[in-house]
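Listed below, chain by chain, are the residues.
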Amino acid sequence: MAPPNCILLYGLACLAWTIGVAFTIIADLLKTKLSNRLALALTAGGALSAGMGAIGNYQAGIPVNFTALKHFGLTTLSFTGDNLAIPFILLLTLVALASTLSTRDLIDSTHNKEGHRFQSNHYYRLILLLLLGTLLVLLSANAITFLVFWEVMSVAAASLITSEHVRHRAQRAALAYITASRLATALLTGAFLWMYHQSGTFDFASWQFQSNSTFPAALLILLAVCIKAGIWPAHGYLPQSYAEAPGPAAALISGVIGKTAIYLLLRLLVLGNCQHSWVIYIALALGTISCIWGILFALVERDLKRLLAFSSVENMGLIIIAISLSMLARKEGLPVIAAIAVTGTLFHAFNHGVFKSLLMLAASTIDKKAHTRDLAQLGGLAKRLPWTMLAFFIGSVAICALPPSNGFASKWLIYQAFFRMAIESVPLHDRAISLAMLGILSFVGALSLACYTKAIGIAFLGRPRSKQAQFTPETGLSGSAMALVILSAICVFLGTSAGICLRAITPALAELNGSGIDAANLFPVAVAQLSLFGLITASIIYLCILGPRSTGMKTYITWDCGYGPLSARAEETGSSFSHPIGRIFSQVLQLKVETNITGRDRRHFPEGIKVETRMTPFIETTVYKRFIEMVNFSSLTLTRLQTGSIHVHLLYLFLTMIVLVYLGTVL
């Protein structure tokens, strides 16, 4: 496909979403509701157009450059579609289409909630703005263009979190999200201005980060990316945001928006050949802490969406680790290891976007049906939500990096990079770090497996633990179920056809690493053949051994120790499942168990026993809370300067001008 056709398709995507935004505004002015079919058609049409443009861009084999405005402030409103942006645009397309399929169910369900009216026009407007901003962020060619659409994307995401603004939790979550976005934008602005001072241009293609003078900019970019991606210690807003955002919006925010920060890090620091040791090791340290911190809190979390949010902290930390490893390998002159690490980064970022969107949509389906996300209130959902359970199981297998899933393929590349770094002729501390990281990632993988075993077992198996979990079973294949099936199929395909998929990202690898290595050769494991062999073997065992035995199987009641039929209260809860591991890390988790025994003779004949496990987030209660208190105190102190006198205000302006003139003459 010729480059002009790619530009046309990208333009059609932006046009479709812009028209959709205009229609929602007109519908609000006319005090009517925009047709769901029209809104969804514009959303899906724009996503398909963007995806086709990315495919055409890939087939063209050359970057697509175009300018919308020649005069846009200090620079031009210019865009470029290259091999690095293509995987992220395709991810945006897949998640947007899946979210579109499930949106109608969300609208219908929310309209049926008593006492709450869902503002569909407002919701569609924000979704369209979010998609428009995200696409143009990925296509931005310079810093000014990037910041403008970065703001559009961030504000739309924060506003989506407050779709149900009547809840105070949603208001607090949106405030936390927008605060984190403001901090990230401020850091990026400082970094971009620094690079403009160093290079004399805002174009990303002209920025290089080898010299010592670019260290402050590289550090600011890393910190901004960590805030936007939810890396420790700036992860506190993610659990609130993911939990309060509507299902399709939560899938987009968790699956795509965080990946724009990873894209920026690849675009600037990896492509700009950053070799600052401090930046590399800081990224490695923050990513490592995020992996451990995120999965520990996910393991003891009771809220299903918050569990997925903490799991995102772990996976984004893993991606940051892979990026730091690729920069370290390039710095040490090891192009093969750098290629493996950056391939694992790209592949895992794409895979995480797919299976995290899958899990978030599945969790939203549970929330929609049961009206609760508390694992202690769920149970027995396998019979009521069979499609959702199948999708959640596939997503859990993928996020735990079990073969033959896509999560296994990408995580295996990261392991391979660390294995190779550990045996190379590099400084001793780098080899020691590589060996330590192999152990840490294995430990995190084991905790991840325990976490999702808890999620599946408590939510879907056993008996319903409350009346909320005893809803009418789903019938047929609804839009949300179709979205889950499609994303599940993509997870299986990416895992079993890893070699084919990696060959597709070879051009992006060549652009990032500057080498002609075929990415497919970095993953020699024949996952598809092994999966087929395993499936055939399991089928033979079942048909020849287990099948004949099941015909004569007898059914007995469960042994109840003489206490009578077992109830849901006898089932294991999520807290009891994770408590043994939680006690080991109680100092980190601030885990406390409160037991309340009631009755006249509580020791021998207790009438009631209530055990409650409480987890106190250390960072939020010690660091963030103290910081907020300090800001509030400073704000109350500074209000004394607000006297209300125009003369005092003029004096402030005069003194400020004197300080600025002095700084201008000195600097």
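Residues numbered from 1 in each chain as written. Predicted model: local features only at pLDDT ≥ 70, side-chain atom pairs only at ≥ 80, totals over all residues. Heavy atoms only, no water.

(A) How the structure looks around the side chain of T145. Along the chain, the position of T145 falls in helix α5 (residues 143–161). For T145, the side chain forms a polar contact with the side chain of N142, separated by 2.8 Å. Once residues within four sequence positions are removed from consideration, T145 is found in contact with T76, L77, S78, F79 and S140. (Helix = DSSP H or I, 4+ residues; strand = E, 2+ residues; numbered from the N terminus. Polar contact = N/O pair within 3.5 Å; in protein donor to acceptor, adjacent residues only side chain to side chain. Contact = heavy atoms within 4.5 Å.)

(B) Empty space enclosed by the protein, seen in detail. For the coordinates displayed, the defined rule picks out six cavities of 30 Å³ or more. Its volume calculated, the largest cavity comes out at about 90 Å³. As for the largest cavity, its lining consists of 13 residues, of which K228, L238, Y242, I253 and G258 are closest to the centre. Secondary-structure elements contributing two or more residues to the lining of the largest cavity are α7 (215–229), α8 (237–244), α9 (247–270) and α11 (304–331). With five residues, the single largest contributor to the lining of the largest cavity is α9. In terms of residue class, the lining of the largest cavity is made up of seven nonpolar, four polar and two charged. Taken as a whole, the second largest cavity holds about 70 Å³ of empty space. (1 Å grid on protein atoms, 1.4 Å probe; cavity = no way out; pocket = protein on both sides within 12 Å on 5 of 7 lines; lining within 4 Å. Points joined across faces, edges and corners; volume = space filled by probe spheres on them. Nonpolar A, V, L, I, M, F, W, Y, C, P; charged D, E, K, R; others polar.)

(C) Quick peek at the environment of R431. Looking at the secondary structure, you find R431 in helix α15 (residues 428–460). Taking the relative accessible area as the measure of exposure, R431 reaches 31% and is therefore partly exposed. When the C-alpha atoms of R431 and M421 are compared, they prove to be 6.3 Å apart, with 10 residues separating the residues in sequence. (Buried < 20%, exposed > 50% of the residue type's maximum accessible area, 1.4 Å probe, protein only.)

(D) The pairing of strand β2 (residues 75–81), seen in detail. Of all seven residues in β2, six are buried, a share of seventy percent or more. As paired elements, strand β1 (residues 64–72) and β2 share six bridges and run antiparallel to each other. Within β2, the position partnered with L69 by the bridge is L77. Where β1 hands over to β2, the hairpin turn is made up of two residues, of which G73 adopts a positive phi near 70°. (Pairing = 2+ DSSP bridges.)

(E) Structural view of the packing of α5 against helix α6 (residues 168–199). Contact geometry of α5 with α6 gives a least axis separation of 8 Å together with a crossing angle of 170°. Judged by the angle between their axes, α5 and α6 are roughly antiparallel. Contacts from A143, F146, L147, W150, E151, S154, V155, A157, A158 and I161 of α5 reach α6 at A170, A173, A174, Y177, I178, S181, R182, T185, L188, T189 and F192. Of the residues that constitute the contact of α5 with α6, the class distribution is 15 nonpolar, four polar and two charged. (Axes fitted to C-alpha atoms, helices over the stretch in contact; angles between N-to-C directions. Parallel < 35°, antiparallel > 145°, perpendicular 65-115°, else oblique.)

(F) Region of interest: the pattern of salt bridges. For the structure on display, the rule yields six salt bridges. Between E301 and R306 there is a salt bridge, and its shortest N-O distance comes to 3.5 Å. What makes R306 partly exposed here is its relative accessible area of 24%. Here the salt bridges share partners, and the residues they tie into one network are D303, D367 and R373. (Salt bridge = Lys/Arg side-chain N within 4 Å of Asp/Glu carboxyl O.)

(G) Summary view of the packing of aromatic side chains. Considering all chains together, one arrives at 15 aromatic pairs under this definition. Note on Y177 and Y237: the rings are 5.6 Å apart at their centroids and 75° apart in plane angle, and the pair reads as edge-to-face. Highlighted residues: Y177 in helix α6 and Y237 in helix α8, separated in sequence by 60 residues. For the pair Y177 and Y237, a shared accessibility class is recorded, and that class is buried. With a centroid separation of 5.5 Å and 25° between ring planes, the pair formed by F297 and F310 is classed as stacked. Within this pair, whereas F297 is found in helix α10 (residues 277–300), its partner F310 is found in helix α11, the two being separated by 13 residues in sequence. An aromatic cluster of three or more residues is present, and its members are F146, W150, F192, F204 and W207. When the ring centre of W150 is taken as origin, the NZ or CZ atom of K228, which lies over that ring, is 5.2 Å away. (Phe/Tyr/Trp six-rings, centres within 6.5 Å; stacked < 30°, edge-to-face > 60°. Lys NZ or Arg CZ within 6 Å of the ring centre and 35° of its normal.)

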